[in-house]
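Residue strings, one per chain:
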Amino acid sequence: MSNKVQKAVIPAAGLGTRFLPVTKSMPKEMLPIIDKPVIHYVVEEAVDSGIEDILLITGRGKRAIEDYFDDAPELRMHLERHGKSQQLDALKEIARFGGIHFVRQREPKGLGDAVLCAEKHCGDDPFAVLLGDDIMKDSTPCTQQLIDIFEKTGSSVIAVQKVPREHLNRYGIVKGKECGENLLLLDDIVEKPRPEAAPSSFGSIGRYVFTPALFSCLKHTTKGAGGEIQLTDAIRLLMKKEDVYAYLYQGKRFDTGDKLGYIETIIDFALEDETMRDSLNAFLKKSVRR
Ligand code: G1P
């Protein structure tokens, strides 16, 4: 096993049922945060963390994701002919992500099963996993922070944040012992527990670095919460074989898979854009008075 994390797996095969009907004909990962789809920010985080080899796990109905990361020669030439340099720069931003690999999950059998589709691609190398609908914002990318821990410990590590009690049943909740600044050595993780059964208030937030031993654990994972093969259950098996850490991520996280989270993301991004900030602030103040 190499000590460097050079591969990332981005599961983007989910059906997006929380966003129906729009996700009937478009992938939820393509929902726009103003002018870029959610998946753009997820891939960007991996690239900004030094990863060049990215595998996206998709499924039927997700072709728009492949088109987004592909070249668009007609559009590019049209923009060149008309001297639209700003728009060309927007396309170049996507081109810098390089070649992205795609594999399809044949049936929506759960997140664990989607990650298992990456086994051949990752082989005996460690890899990062970035869930396709969480966007992170921090001066150092969240995945880079996990990679730094992996390089020190040689062990798998998952990012967690404190979750309000009423949301504990939306996350994989961890239990562990403090073993460093913002670091826990885990002894348990439970997928979407009832609040009274939750082992702590720290929830996994969709960023992970794993040793390749995760794959054999995934193969031994049976259906769990929601009748799906859960990544969380495979992580619990991994803990029996190897150390697994949780890292308390201090940056911002946006859950665009949730309607309210999606709106908050757009507002936050718009408020950072100086061409929109003042007008949007004025609009928000007016709306709040109503
Ligand atoms: C998934 C994982 C869960 C994790 C969450 C983070 O759940 O199964 O363990 O805490 O992502 O967003 P999902 O949101 O896909 O239901």
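Criteria and cut-off values
- Residues numbered from 1 in each chain as written.
- Predicted model: local features only at pLDDT ≥ 70, side-chain atom pairs only at ≥ 80, totals over all residues.
- Heavy atoms only, no water.
- Helix = DSSP H or I, 4+ residues; strand = E, 2+ residues; numbered from the N terminus.
- Rg over C-alpha atoms; globule rule 2.2 N^0.38 Å.
- Buried < 20%, exposed > 50% of the residue type's maximum accessible area, 1.4 Å probe, protein only.
- Patch = residues over 30% accessible without salt bridge, like charges linked within 9 Å, V, L, I, M, F, W, Y side chains within 5 Å.
- Areas by Shrake-Rupley, 256 points an atom, 1.4 Å probe, with all protein chains shown as cover.
- Salt bridge = Lys/Arg side-chain N within 4 Å of Asp/Glu carboxyl O.
- Lys, Arg positive; Asp, Glu negative; His and termini not counted.
- Charge placed at Lys NZ, Arg CZ, Asp CG, Glu CD.
- Near = heavy atom within 4 Å.
- Polar contact = N/O pair within 3.5 Å; in protein donor to acceptor, adjacent residues only side chain to side chain.
- 1 Å grid on protein atoms, 1.4 Å probe; cavity = no way out; pocket = protein on both sides within 12 Å on 5 of 7 lines; lining within 4 Å.
- Sits in = over half its atoms within 2 Å of the grid points.
- Nonpolar A, V, L, I, M, F, W, Y, C, P; charged D, E, K, R; others polar.
- Axes fitted to C-alpha atoms, helices over the stretch in contact; angles between N-to-C directions.
- Parallel < 35°, antiparallel > 145°, perpendicular 65-115°, else oblique.
- Left-handed = near helix turned anticlockwise from the far one by under 90°.
- Contact = heavy atoms within 4.5 Å.
- Core = buried A, V, L, I, M, F, W, Y, C linked by side-chain atoms within 4.5 Å.
- Expected span 1.5 Å × (residues − 1).

1. Section: the overall build of the protein chain
Now for step 1: From N to C terminus, the protein chain includes eleven helices and 13 strands.
Now for step 2: Rg of the C-alpha trace for the protein chain: 19 Å, near the compact-globule value of 19 Å for 290 residues, within the 12% margin.
Now for step 3: The dimensions of the protein chain, computed from C-alpha atoms along their principal axes, are 60 × 50 × 35 Å.
Now for step 4: Buried residues in the protein chain amount to 47% of all 290 residues.

2. With respect to a positive patch on the surface
Now for step 1: A surface patch of positive charge is lined by R60, R63, R104 and R106.
Now for step 2: With respect to the element layout, R106 can be found in the loop between β5 (100–104) and α5 (111–116).
Now for step 3: For R106, a relative accessible area of 73% corresponds to the exposed category.

3. So, the site of the ligand
Now for step 1: Among the 14 residues in the neighbourhood of the ligand, the closest are listed as L131, G172, E191, K192 and S204.
Now for step 2: In the model, an oxygen atom of the ligand is placed 3.4 Å from a nitrogen or oxygen of the D134 side chain.
Now for step 3: S204 has a polar backbone atom sitting 2.6 Å from an oxygen atom of the ligand.
Now for step 4: In the complex, 80% of the free accessible area of the ligand, which totals 380 Å², lies under the protein chains.
Now for step 5: Under a 2 Å grid-point criterion requiring more than half of the atoms, the pocket assigned to the ligand is the largest pocket.
Now for step 6: A per-class count over the shell around the ligand returns four nonpolar, five polar and five charged.

4. Thoughts on the packing of helix α3 (residues 73–81) against helix α4 (residues 85–95)
Now for step 1: The contact between α3 and α4 brings their axes to 8 Å, and the two run at 150°. By the angle class used here, α3 and α4 are roughly antiparallel. Of the two possible hands of crossing, α3 and α4 adopt the one that is left-handed. Residue-level inspection shows L75, R76, L79 and E80 of α3 in contact with α4, the latter providing Q87, L88 and L91.
Now for step 2: Residue classes in the contact of α3 with α4 are distributed as four nonpolar, one polar and two charged.

5. Topic: the environment of K4
Now for step 1: Within the fold, K4 resides in the segment before β1 (7–11).
Now for step 2: The contacts of K4, once residues within four sequence positions are left out, are P126 and E151.

6. Notes on the nonpolar core
Now for step 1: In this structure, I10, I39, V43, I54, L56, F69 and V209 are the most contacted members of the largest nonpolar core, which totals 35 residues.
Now for step 2: In this view, I54 contacts A8, I10, V43, A46, V47, I100 and H101; residues no more than four positions away in its chain are not counted.
Now for step 3: Membership of the second largest hydrophobic core comes to 30 residues, among which are V9, A118, I189 and L231.

7. Notes on helix α7 (residues 142–153)
Now for step 1: When the terminal C-alpha atoms of α7 are compared, their 17 Å separation across twelve residues agrees well with the 16 Å that a helix rising 1.5 Å per residue should span.
Now for step 2: Residues C142, T143, Q145, L146, I147, I149 and F150 constitute the buried set of α7.
Now for step 3: With its phi angle positive at about 75°, G154 sits one or two positions after the end of α7.

8. Details of unusual backbone geometry
Now for step 1: The omega angle of the peptide bond from L20 to P21 is 10°, so this bond is cis rather than trans.
Now for step 2: Backbone geometry places I34, a non-glycine residue, at a positive phi of 65°.
Now for step 3: Structurally, the position occupied by I34 is in the loop between β2 (32–33) and β3 (36–37).
Now for step 4: If you check the backbone angles, K192 has positive phi at about 45° while not being a glycine.
Now for step 5: Residue placement: K192 occurs in the loop between β10 (183–191) and β11 (202–210).

Fair warning: the whole summary comes from geometry, so function is off the table for now.
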